[in-house]
Amino acid sequence: MIVIVDYGVGNIRNVERAMTKLKMEVIVTRDIEVIDQAKAIILPGVGAFRDAIGNLIKYDLVDCLKRNAAKGTWIIGICLGMQLLYEKSYEDGEYEGLGLLDGEIVKFDDSELKVPHMGWNHLIKQREDELGKDLSDQDYVYFVHSYYLQSDNKEQIIFTSSYGVDVPAIVRKDNIIGMQFHPEKSGAVGVKILKNLKELIV
Amino acid sequence: MLTKRIIPCLDVRNGRVVKGTKFTDIRDVEDPVVLAAFYAQAGADELVFYDITASNEQRDIFLDIVKKTADTIDIPFTIGGGIRSLDDFDRLMKAGADKVSINSAAVNDPQLIKEAALRYGSQCVVLSMDIKKNEKSRWDVYVKGGRENTGLDAVEWAKRGVALGAGEIVLNSIDTDGVKDGYALEITREISESVRVPVIASGGAGTMEHFYEVLTDGKADAALSASVFHFGEIEIRELKEYLKKKGVEVRL
């Protein structure tokens, strides 16, 4: 069973719809007992980091997510959900994240760039991974974000995208996966990535 | 590289797409969901729906279209038209819209931009501006479908909107809209250079070259059009191949 964590931020139905279309059985919940039985936990999210981590604390989900990550359950963070996996974010202040992965979330600071980084951008392969199966450097995915991951753990970065800096687009450390873009809004390429994810986690 | 976006716009009244269409390859061109799916398939990067419905009952029909569209397509879409309050925002976001655009309501109550951005994040809040050149060659912001001049300067209003939290601007030039004589390049460039959020140019596309101009000289991040796509005068794939050949980064 796959759980999409409903922690009261943004529009998470689109992720559910995309996964259901691929015949994945998903449950949208914030019930810890249900989450504890999941094989994979999806952490979606749009909006602000502060509200998101605040809600995870409010619903008592921080320990639950850490515990499940430690026992090897798949944890997949999408967009803001990916940023939550890291140690710290500097979005409108300084906030601690889940700390499942090492790195910090910082603002695009090139004054020549439009922020948010909004629209379709190339995926650039950094290393082989099941998640990148059948993807080419000609493939585009849809991004919407104003902050990005800075991390020294280059070996965890599977795809980047270029926007003034190298923006980590897909990251993975064992059972922990993050996607900075929106696979559910990335047309046929997004479907391909979700299919790869399905093969991995189901 | 981040690509320039091509965005078809669908005006919807009483549940149907307005403006005549002549597609040979789809049957019900007035069904917004069918047309949305067609455009998504044809290579559109995003879609914009404007609800031009008059009455409240018919707004429920529109909400249902938003839900069905979210179920059907897997590219982002923006909803605009008649959004007055945070409640309207909530309803549309819950129905599956990725972004909501506000126009007159933002002029009446600029705090709406801020409240919506705080709740959903700037990336969901699009400030749509109807603008027209005045006798001093500056551009004024209009509301009520272009009938009322607010006296606001377009560049100043854009900056203020972004400062309040708008994550994107749609710039619709009233003078060029429907004329098919090209986008309003100068003001698009000026606003694009004045704010740090993406700017979508709207109003005036008649040829593929017009798209090229506004995405290069006009410094727009995206170009929106209704009629050239609806009437089948320009095909999205063909347009993108043309742009790519001319050195513009597009998603093909």
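Note on numbering: residues in each chain are counted from 1, in written sequence order. Written order determines the labels here, with chains lettered from A and ligands numbered from 1. With the structure being a predicted model, the display of local features is reserved for residues of pLDDT at least 70 and the display and counting of side-chain atom pairs for 80 or more, all residues being used for whole-chain, interface and lining totals.

Details of the overall build of chain B
Part 1 of the argument: Each helix and strand counted, chain B has ten helices and eleven strands in total.
Part 2 of the argument: Our radius of gyration looks at C-alpha atoms and nothing else; its globule reference is 2.2 Å times the residue count to the power 0.38. For 252 residues, the compact-globule formula gives about 18 Å, and the C-alpha radius of gyration of chain B, at 17 Å, lands near that figure.
Part 3 of the argument: In terms of its C-alpha atoms, chain B occupies a principal-axis envelope of roughly 45 × 45 × 35 Å.
Part 4 of the argument: Per-residue burial over chain B gives 52% buried out of 252 residues.
Part 5 of the argument: For every residue pair, C-beta atoms are placed from the backbone, and the pair is scored as a contact if these atoms sit within 7 Å. At a minimum sequence separation of 6, the contacts of chain B that also span at least 24 residues come to 66%. In DSSP terms, a helix is any run of H or I states spanning at least four residues, a strand is any run of E spanning at least two, and both are numbered starting from the N terminus. Our exposure labels follow a C-beta count within 10 Å of each residue's own C-beta, placed from the backbone: buried means 20 or more other C-beta atoms, exposed means 12 or fewer, and partly exposed covers the counts in between.

Notes on the overall build of chain A
Part 1 of the argument: When its secondary structure is counted, chain A shows six helices and 14 strands.
Part 2 of the argument: Taken over C-alpha atoms, the radius of gyration comes to 15 Å for chain A, in line with the 17 Å a tight globule of 202 residues would show.
Part 3 of the argument: Counting only C-alpha atoms and orienting by the principal axes, one finds that chain A spans roughly 45 × 40 × 30 Å.
Part 4 of the argument: By residue count, 53% of the 202 residues in chain A fall in the buried class.
Part 5 of the argument: In chain A, the share of contacts with a sequence separation of at least 24, taken over all contacts with a separation of at least 6, comes to 69%.

Observations regarding the sheet that holds strand S1 (residues 2–5) of chain A
Residue and element names in this part refer to chain A.
Part 1 of the argument: Ordered in space as S2-S1-S3-S4-S14-S13-S12-S9, the eight strands form an open sheet in which the pairing is mixed. The open sheet has two edge strands, strand S2 (26–29) and strand S9 (124–125), and neither has a second partner.
Part 2 of the argument: Paired strands, in this sense, are two strands between which DSSP finds at least two bridges. The sheet contact formed by S1 and strand S3 (residues 40–43) spans three bridges and is parallel. If you follow Val-3 over to S3, its bridge partner there is Ile-41.

Quick look at the interface of chain A and chain B
Part 1 of the argument: Contacts between the two partners involve 28 residues from chain A, matched on the other side by 25 residues from chain B.
Part 2 of the argument: Among the secondary structure elements, those contributing two or more residues to the side of chain A that touches chain B are helix H1 (13–21), strand S8 (117–122), strand S10 (140–145), strand S12 (157–163) and helix H6 (187–201) of chain A.
Part 3 of the argument: Top contributing element to the side of chain A that touches chain B by residue count: S8(A), with six residues.
Part 4 of the argument: Here the side of chain A that touches chain B is built from residues that sort into twelve nonpolar, eleven polar and five charged. Each residue is assigned to one of three groups, with Ala, Val, Leu, Ile, Met, Phe, Trp, Tyr, Cys and Pro labelled nonpolar, Asp, Glu, Lys and Arg labelled charged, and all others, Gly among them, labelled polar.

Description of the sheet that holds strand S5 (residues 88–89) of chain A
Residue and element names in this part refer to chain A.
Part 1 of the argument: Ordered by their spatial adjacency, four strands build an open sheet running S6-S5-S7-S11, and the pairing between neighbours is mixed. Each edge of the open sheet carries a strand with a single partner, namely strand S6 (95–96) and strand S11 (147–150).
Part 2 of the argument: Two strands pair when backbone bridges link them, and S5 and S6 are joined in this way by two bridges, in the antiparallel orientation. The partner of Ser-89 across the bridge, within S6, is Tyr-95.

Digging into helix H1 (residues 32–42) of chain B
Part 1 of the argument: For H1(B), the set of buried residues is Pro32(B), Val33(B), Leu35(B), Ala36(B), Phe38(B), Tyr39(B) and Ala40(B).
Part 2 of the argument: Two residues or fewer after H1(B) comes Gly43(B), characterised by a positive phi angle close to 110°.

Considerations on the nonpolar core
Buried together is how nonpolar side chains tend to be arranged in soluble globular proteins.
Part 1 of the argument: Counting 151 residues, the largest nonpolar core has Ile41(A), Ile42(A), Val100(B), Ile169(B) and Ala223(B) as its most contacted members.
Part 2 of the argument: Residue contributions to this core peak at six residues, all from H1(B).
Part 3 of the argument: Residue contacts for Val100(B): discarding those within four places in its chain leaves Thr78(B), Ile79(B), Ile83(B), Phe89(B), Leu92(B), Met93(B), Cys124(B), Val125(B) and Val126(B). The term nonpolar core refers to a set of buried Ala, Val, Leu, Ile, Met, Phe, Trp, Tyr and Cys residues connected through C-beta atoms within 7 Å.

Focus: the confidence of the model for chain B
Part 1 of the argument: Confidence of the predictor at the level of single residues is captured by pLDDT, which takes values from 0 to 100. Chain-level pLDDT for chain B is 92 on average; 95% of the residues reach the 70-or-more range.
Part 2 of the argument: Both scores are given for the predicted complex: the pTM is 0.94, the ipTM 0.92.

Observations regarding the pairing of S8(A)
Put simply, side chains in a regular strand alternate between the two faces of the sheet.
All names here are of chain A.
Part 1 of the argument: Counting buried positions along S8 gives six out of six residues, so the element sits mostly inside the fold.
Part 2 of the argument: Inspection of the sheet shows S8 paired to S10 by six bridges, in the antiparallel sense. Bridge pairing links Gly-119 to Phe-143 in S10.

Remarks on unusual backbone geometry
Residue and element names in this part refer to chain A.
Part 1 of the argument: For the bond from Val-115 to Pro-116, the omega torsion is 5°, close enough to zero to count as cis.
Part 2 of the argument: Take Pro-116: it is sitting in the loop between strand S7 (104–107) and S8.
Part 3 of the argument: Of note, the phi angle at Asp-60 is positive, near 65°, even though the residue is not glycine.
Part 4 of the argument: Tracing the chain through its elements places Asp-60 in the loop between helix H3 (49–58) and helix H4 (61–70).
Part 5 of the argument: Judged by the 10 C-beta atoms lying within 10 Å of it, Asp-60 is exposed.
Part 6 of the argument: For Asp-174, which is not glycine, the phi torsion reads 50° and is therefore positive.

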